[in-house]
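Next come the chains, spelled out residue by residue.
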Number of protein chains: 2
Amino acid sequence: MNSYTSFILKCTTAVFVFMIFSCKEESKSISDNNSETTAQEQAHPKLILTAQGVKDIRAQLGSIPIFDNSLEKIKAEIDAEIEAGIEVPIPKDYSGGYTHSRHKRNWFAMQKAGVLYQILDDEKYAKYVKNMLMEYEAMYKTLPLHPKTRSYARGKIFWQCLNDSNWLVYVSQAYDCIYNYLTEEERNKLETNLFRPFADHISVDSPQFYQRVHNHSTWGNAAVGMIGLVMNDEVLINRALYGIKDLKLDANKKDDDGGFLNKDGKAGFLANIEEPFSPDGYYNEGPYYQRYAMYPFLVFAEGLYNVKPELKIFEYKEGVLLKSINALLNLSDADGDFFPLNDGQKGMSYYNGALVTAVDVSYHYGNQDPGLLSIAQQQDQVLLDDSGLAVALGIKEGKTKPFDKKSINLSDGPNGTQGGVGILRNKNLELVFKYAAQGSSHGHYDKLSYSLYENGEEVIQDYGLARFVNIEQKGGGNYLKENKTWAKQTIAHNTVTQNETSHFKAKYEIGSQHHSVLNYYSFENETIQVASAKETNAYPGTEMLRTMAVIKDEDFEKPYLLDIMKVTSATANQYDFPFYYFGQVLQTNFEYNSPETLKPLGNKNGYQHLYIEATAKANNDNSKFSWLNTNKFYTLTTVTSNKDELLFTRIGANDPQFNLRKDPALILRRKNAKNTVFVSVIEAHGSYSPVTESAVNSKSNIAALKVVLDTVDYTAIEITNIKGDTKLFITANTNASKEAKHDLTINNKNYEWSGSYYFK
Amino acid sequence: MNSYTSFILKCTTAVFVFMIFSCKEESKSISDNNSETTAQEQAHPKLILTAQGVKDIRAQLGSIPIFDNSLEKIKAEIDAEIEAGIEVPIPKDYSGGYTHSRHKRNWFAMQKAGVLYQILDDEKYAKYVKNMLMEYEAMYKTLPLHPKTRSYARGKIFWQCLNDSNWLVYVSQAYDCIYNYLTEEERNKLETNLFRPFADHISVDSPQFYQRVHNHSTWGNAAVGMIGLVMNDEVLINRALYGIKDLKLDANKKDDDGGFLNKDGKAGFLANIEEPFSPDGYYNEGPYYQRYAMYPFLVFAEGLYNVKPELKIFEYKEGVLLKSINALLNLSDADGDFFPLNDGQKGMSYYNGALVTAVDVSYHYGNQDPGLLSIAQQQDQVLLDDSGLAVALGIKEGKTKPFDKKSINLSDGPNGTQGGVGILRNKNLELVFKYAAQGSSHGHYDKLSYSLYENGEEVIQDYGLARFVNIEQKGGGNYLKENKTWAKQTIAHNTVTQNETSHFKAKYEIGSQHHSVLNYYSFENETIQVASAKETNAYPGTEMLRTMAVIKDEDFEKPYLLDIMKVTSATANQYDFPFYYFGQVLQTNFEYNSPETLKPLGNKNGYQHLYIEATAKANNDNSKFSWLNTNKFYTLTTVTSNKDELLFTRIGANDPQFNLRKDPALILRRKNAKNTVFVSVIEAHGSYSPVTESAVNSKSNIAALKVVLDTVDYTAIEITNIKGDTKLFITANTNASKEAKHDLTINNKNYEWSGSYYFK
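Counting starts from 1 at the beginning of each chain's written sequence and moves along it residue by residue. The naming scheme follows written order: chains are lettered A onward, ligands numbered 1 onward. Predicted model: local features are reported for residues with pLDDT of at least 70 only, side-chain atom pairs are reported and counted for 80 or more only, and whole-chain, interface and lining totals are derived from all residues. The side-chain values count all of the structure's non-hydrogen atoms but skip hydrogen atoms and water molecules.

## Some words on helix α7 (residues 161-178) of chain B
With 18 residues, α7(B) ought to run about 26 Å at 1.5 Å a step, and its terminal C-alpha atoms sit 25 Å apart, in line with that. The buried fraction of α7(B) is high, at 18 of 18 residues. Under the DSSP-based scheme used, a helix requires at least four consecutive residues in state H or I and a strand at least two consecutive residues in state E, with every element numbered from the N terminus. Here, expected helix span is obtained from the residue count minus one, scaled by 1.5 Å. Buried, partly exposed and exposed residues are distinguished by accessible area as a fraction of the type maximum, computed with a 1.4 Å probe on protein chains only: under 20%, between the cut-offs, and over 50%, respectively.

As structure tokens, this is what we get:
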């Protein structure tokens, strides 16, 4: 065994030496160099699985339960695939259709069969991969563009290059695993007729797809790079890392989603790490797309780490790839579901396969955080590679600890200076406060919006996207037009809409130039978590400063949310301020009128999709609204004047295909106001059991909510509970640093403190 | 120990001898007879816990986990109550209010403390019960009627006699447990000032409550009877069993719910067993109210079994009490939730405490069905008495088997001749087909209606009641007016509404005189479960015959529902036929138009509560509709002509307090038709995962559904799947017995079979 190890080490050295040389001679790839062939052969697998990893795995097999189980499942799956036989149909369908699904199944099957060949050393798996690859080779060399024409960048196997790239990312791994099983002739055939033209099609032949900073391109880059690493083709590797050489694209062209194709000329894998990730690891499109992009980021990074360690890819940009995994895991609720910021489909969670990769890679290539092991245990699955082995061993050795999610502030923007997202956690309550940049073409127009969760359930929801991903009956599984007319509009979110128009007029060109700005965040005191941010560009001439605090007061059963939205404007406007609650109306302290017929609230900017279910005049101090959802009680207390209106609305108007969910909202409408402040408390309280039929703590604990001061520099809110006890919260609207000293008199009483806020 | 046992046995004998004697001398109760006092004292507890049971429990403690855990929980609860101190406030509030909740808590606390005293032999529990009883005694003797006036029978501790009766049912048990702990003087004080006047108030002083066949009266009877058993008061015991002697009530008076107070003069506990239970154990109001009534039925029966074994209460009416428990358990879905027939609140389940009693009693006093042990394990709780001990021992000894729910037909009516309810189970699909009698004052006007479940989730829902039980903010937790205007109306249910009027004009006086009639049911073939029933009175001049089959065809992934509703009428009518689906519209094969504003479908009989969301002309053969709910796909295929209309509706119009859920329906409307047949198939198929984003088997497997014959005697339906294979289902509309022989020619092909239906 020892002699084998040292042989591998020697070979690896040889390869590295050659690769450095090869960088200087781009047009020549190693596989053309006969003198190196033997060493090359010995070095496979090298991309994700490594030869040493295979050795270690084989030594541990049977004694690492989570790994053994994962292997068993995959073996059963692939044995069934082999039994069923190979099928490589002529491409024909969109997502969800037969040929699409079949080719997708094939890429997974090949990747897994390759791994099984290495771990189990059973030739039948290699043969299966080889035979399938040969069928693809036979088909691909004469294959025209995919017949479906909807994509801005059509693939050949699939309707879009994106899916072709998915295929190659997986198939590269399969090829690596059976590389040595194939004869040189077979390899030449595959590389010449399948892999190189395939890589070219998704890159040089589809620059509008490849040459961008975008999750699509990340897949493209990874695909080209990974096959390049396997074939040791420096042309492809460099094209992957740095984009297509000497190519300039029209900076004004847009893709299917309305995003710019290539605004600033940046491209390639490194640019795709550089641009979308903030130094904290926040991905600008949000967690749903980060999850999607994560796999190619990490799997190509693994390959680079293994084949080109000198790149130090996991240290790139101060280790942002591993940081991004931590950020992503923190962007999930108590059940592991990702917060549906921007275009996010609800229900996507860290149970997704990409997150198995993320968790295992993060554990293995990072600092072996024992909290990650608990997520791996929930996932009940590990990768069948070196990183999965590390996780399995960690679990076996009893190192697991809970993954403890705390409040976290994640900056946005390549340099972390374009706003961010704050997750405020306090016991079972989670607040997601978005004050980020536009979020690329998948961004929504919802500056300073929020959503609120109790123990993994939505209390105040973010709508997410208007799409049924991969459900063919709904627009082929693609974005529905309501994504633009509803889901992206400001009124679909829990923030201020001014004069019934969306932020930045819902124009990507404008929105993508701006971002909100952090005022402060403070998570030190575990009973009160606060974040505050400002937006000055969404409506020119209007400033919005929102301060959100999740407070656990000893007199309250659960934490409550205090929300202060301060609006400053040079002109008189109408402000709409919605609460997208869920569930059943229980009680209000205001009278409302229900119309006999339901009419839309407006005719554009999302308003055309809201029915008015009831209207009311607000009270002259506090308006209160209680509701019941999933057997828990909630109460909103909001400061109003009797000039304010309250509207009960429901989504679903002008929705002729029933594409939208019929979810409710209460909208606070303030007309003809310049400067104003919206102050609300949302309490979670009590519970109801349909089994015992008992209602516990079903009423609000708040007697009064009052703005006692609102100046340029400070806003002070007094909260009186039903026992008559009061608490005062003062937020610094300016000069809000941790170190700032404040001295303020309110109603003849003096308050002195240092820090961003005062609460007592 | 042996000498103690024999002493008890002797005493018991003495008591029985005396009791037989005492029956002849009704006005004299045993406790007045000094010579018997010692024996009486020794006999306690005797009601639910018995002296022998206490001995057995003490012997097993610590070795019967489920019992030990139940004891531990209750001990912790009562220790905390004792710590918190006794509070017996002056009655003031409705349900959900403070004094109501406190007195309710007290009754539970006393009952549990009494049990703890017996099992743990710790005087502190007896003292706690005694002290609390003395506070009630002090208050009760001068207590006026409860100040709230809404009930037809006001209580003293609570706003209605019903809750006073609840109190006494529990407190009788507590009194029994500490009987021997009290001095004779203390007992006399309690009996004279509290228990006797209390029993009189809920019986002789409230005959409109007590003297009925109704779940309210059952509680009243049990309360009076149980305190009678403890005090050995034959007057009370007889009043409990047979009602108030020589009392006649006005047969036309009604209660708060619109039920007749006492139509036929029947009263007392035995009449309450006789009338509402069918021989199969179906309770005429449905499972939700059966669950509520169950506790007094069973706990009083236990007391009677223990104290008056000669009554053979568990054998009464061929053992209907134990049969009813089996029926009730079968009236629950895969999660144990009861089907919300009539006024049923969703979410009520066999996890309710009354069902712990039911399961334990059924096991102990019945045939020790090992399936009951698995439900007890799910409940994770047993009674702290002889029956709970039996269950705990059964579990400990490994006797547990799954409680296997199969298709079951439950007849309705005292003699089982008033229609019934069929539960058709086929793999994960459950169909609830209701062809019962009115169901007393809690009945809905929904002859031949159904609901459909997949693995415990509603596919086609029954709305249930319009009430938020014990949620004070919603009408004090009582029935909402929408219960009458919506939930009880026919259009709220999955059956035929003729000419926009409800069955029996929604009049209880008419509805309570009629019931549907079974045509046949057939559960022998496990792949096809069928039930068929007829209704001739809901609309005079119109007959409805509905045949429902849940079929597992090998070419289909899951079972499907075939529904044949044959309507025969002398006159031309409009028929509305709704499908109360849940979830998101995916696809239809017909074009529909969505109005810009939503208007109610009608102005009365429930139609005023439905908004029209879209309208369509049906297709000339099959109209198809697919939807997605909780990540599963469903498709309706229904036989239509192009004269039919299809309406997408949503509940919630004319609902000014948001009392209704905004649930959707598709309504098939057939105008100007005399005889017609509605034929539909509902397929459950496939699934969607938001984690993998893959849609599996998302499309219908049915190519065509066709009525090939429809005569007085037969209806024949041909089902063609997408592979082109056909199946034929023929149902016998007449002469449908198991033994009947049929010979029929359809399209020149001959079909011969014996039995109710043909399927091939």
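## With respect to the relation of the copies chain A and chain B
A least-squares fit on C-alpha atoms brings the copies together, and the residues used are those whose pLDDT is at least 70 in both copies. For the pair chain A and chain B, the relating rotation is 180°, the translation along its axis is 0.0 Å, and the fit reaches an RMSD of 0.1 Å. One copy is carried onto the other by what is essentially a two-fold rotation axis. The C-alpha atom lying nearest the rotation axis in chain A is that of A:Leu598; the distance is 2.4 Å. Note on contacts: a residue pair is in contact if any heavy atoms of the two residues lie within 4.5 Å. When the interface residues of chain A are mapped onto chain B, 100% of them again lie at the interface, so the same face is used by both copies.

## Focus on the confidence of the model for chain A
Residue and element names in this part refer to chain A. Of the residues in chain A, 93% have a pLDDT of 70 or more, and the chain-wide mean is 93. As a per-residue measure, pLDDT reflects the predictor's confidence and takes values from 0 up to 100. Ignoring residues within four places in sequence, the model shows residues 1-41, a span with pLDDT below 50, making 51 contacts including any to other chains. Here the predicted complex scores 0.90 on pTM and 0.89 on ipTM.

## Thoughts on the pattern of salt bridges
Note on definitions: salt bridges are taken to be side-chain nitrogens of Lys or Arg within 4 Å of carboxyl oxygens of Asp or Glu. Enumeration over the complete set of coordinates arrives at 76 salt bridges over all chains. A salt bridge links B:Glu87 to B:Arg102, with the shortest nitrogen-to-oxygen separation between them at 3.8 Å. Placement of the pair is B:Glu87 in the loop between α4 (65-84) and α5 (98-120) and B:Arg102 in helix α5, with a sequence separation of 15 residues. The exposure class assigned to B:Glu87 is partly exposed, which follows from its relative accessible area of 33%. Overall, the relative accessible area of 7% leaves B:Arg102 in the buried class. The partner of B:Glu457 in a salt bridge is B:Lys632, and the shortest N-O contact between them spans 2.4 Å. Of the two residues, B:Glu457 sits in strand β5 (residues 457-460) while B:Lys632 sits in strand β16 (residues 632-639), which places them 175 residues apart along the sequence. In this structure, a network of salt bridges that share partners links the residues A:Glu81, A:Glu87, A:Arg102 and A:Arg105.

## What to know about the sheet that holds strand β11 (residues 573-579) of chain A
Residues and elements named next belong to chain A. Strands qualify as paired when DSSP identifies two bridges or more between them. Strand order in the open sheet made by the 6 strands is β6-β11-β18-β17-β14-β13, with antiparallel pairing throughout. Both outer strands of the open sheet, β6 (497-498) and β13 (592-593), are each paired with one neighbouring strand and no more. Pairing of strand β14 (residues 610-617) with strand β17 (residues 645-651) involves 7 bridges; the strand directions are antiparallel. Bridge pairing in β17 places alanine 616 opposite leucine 646.

## Quick word on the packing of aromatic side chains
For any pair of aromatic rings, geometry is given as the distance between the ring centres together with the angle between the planes. Only Phe, Tyr and Trp rings are paired, with Trp represented by its six-membered ring, and only when their centres lie within 6.5 Å; those with planes under 30 degrees apart are stacked, over 60 edge-to-face, the remainder tilted. Within the structure shown, the criterion is met by 96 aromatic pairs over all chains. Judged by centre distance (5.3 Å) and plane angle (65°), the ring pair of A:Tyr592 and A:Phe648 falls under edge-to-face. In this pair, A:Tyr592 is assigned in strand β13 and A:Phe648 in strand β17, connecting sequence segments 56 residues apart. In terms of burial, A:Tyr592 and A:Phe648 fall into one category: buried. Both rings, one in B:Tyr581 and one in B:Trp627, keep their centres 5.6 Å apart while their planes meet at 50°; by these two values the pair is tilted. Pair noted here: B:Tyr581 is in the loop between β11 (573-579) and β12 (584-588) and B:Trp627 is in strand β15 (residues 622-629), with a separation of 46 residues, a long-range link. No difference in accessibility class separates B:Tyr581 from B:Trp627, as the two residues are buried. Through a chain of ring-to-ring contacts, three or more aromatic side chains come together here, namely A:Tyr581, A:Phe590, A:Tyr592, A:Phe625, A:Trp627, A:Tyr634, A:Phe648 and B:Phe658. Taking the ring centre of A:Tyr288 as reference, the NZ or CZ of A:Arg291 above it sits at 4.6 Å. Sitting over a ring, as applied to charges here, requires NZ of Lys or CZ of Arg to be within 6 Å of the ring centre and within 35 degrees of the ring normal.

## Here we look at the packing of helix α10 (residues 215-231) of chain B against helix α13 (residues 287-307) of chain B
Residue and element names in this part refer to chain B. The geometry of α10 relative to α13 is characterised by a closest axis approach of 9 Å and an angle of 25° between their N-to-C directions. As judged from the angle between their axes, α10 and α13 are roughly parallel. Relative to α13, the crossing made by α10 is left-handed. Contacts between α10 and α13 involve Asn215, Thr218, Trp219, Asn221, Ala222, Gly225, Met226 and Leu229 from the former and Tyr289, Tyr292, Ala293, Tyr295, Pro296, Phe297, Val299, Phe300, Gly303, Leu304 and Val307 from the latter. Of the residues in the contact of α10 with α13, the class split is 14 nonpolar, 5 polar and no charged. Note on geometry: axes are C-alpha line fits, over the in-contact stretch for helices, and angles between N-to-C directions span 0 to 180 degrees. Oblique is the label for every angle not falling under 35 degrees (roughly parallel), over 145 degrees (roughly antiparallel), or within 65 to 115 degrees (roughly perpendicular). Here is the rule for handedness: rotate from the far helix to the near one, and if that takes an anticlockwise turn smaller than a right angle the crossing is left-handed, while a clockwise turn gives right-handed. In this classification, Asp, Glu, Lys and Arg are treated as charged, Ala, Val, Leu, Ile, Met, Phe, Trp, Tyr, Cys and Pro as nonpolar, and every other residue, Gly included, as polar.

## Regarding the interface of chain A and chain B
Listed per partner, the contact involves 51 residues of chain A and 51 residues of chain B. In this description, buried area is defined as the sum, over both parts, of the accessible area (probe of 1.4 Å) that is lost when the two are combined. Of the roughly 4,200 Å² buried where chain A meets chain B, counting both sides, 52% is carbon and sulfur surface. On the chain A side of the interface with chain B, the three residues burying the most area are A:Gln473, A:Phe658 and A:Glu693, jointly 18% of the side's total. Connecting chain A to chain B are 4 salt bridges. Here B:Glu472 ties to A:Lys699 by a salt bridge, and the two come within 3.2 Å at their closest N and O atoms. Counting of polar contacts relies on pairs of N or O atoms within 3.5 Å, with two restrictions inside protein: one atom must be capable of donating a hydrogen and the other of accepting it, and residues adjacent in sequence are counted only when both atoms are side-chain atoms. Our count for the chain A to chain B interface comes out at 23 residue pairs in polar contact (both at pLDDT 80 or more). Broken down by secondary-structure element, the contributors of at least two residues to the side of chain A that touches chain B are α13 (287-307), β12 (584-588), β14 and β17 of chain A. Among the elements that line the side of chain A that touches chain B, the one with the most residues is β12(A), at 4 residues. Across the side of chain A that touches chain B, the residue classes tally to 24 nonpolar, 14 polar and 13 charged.

## Observations concerning the environment of A:Thr99
Residues and elements named next belong to chain A. Inspection of the secondary structure puts threonine 99 in helix α5 (residues 98-120). The exposure class of threonine 99 is buried, given its relative accessible area of 4%. Residues in contact with threonine 99, not counting those within four places in the same chain, are Pro89, Ile90, Pro91, Lys92 and Asp93. A distance of 3.0 Å separates a polar side-chain atom of threonine 99 from the backbone nitrogen of lysine 92.

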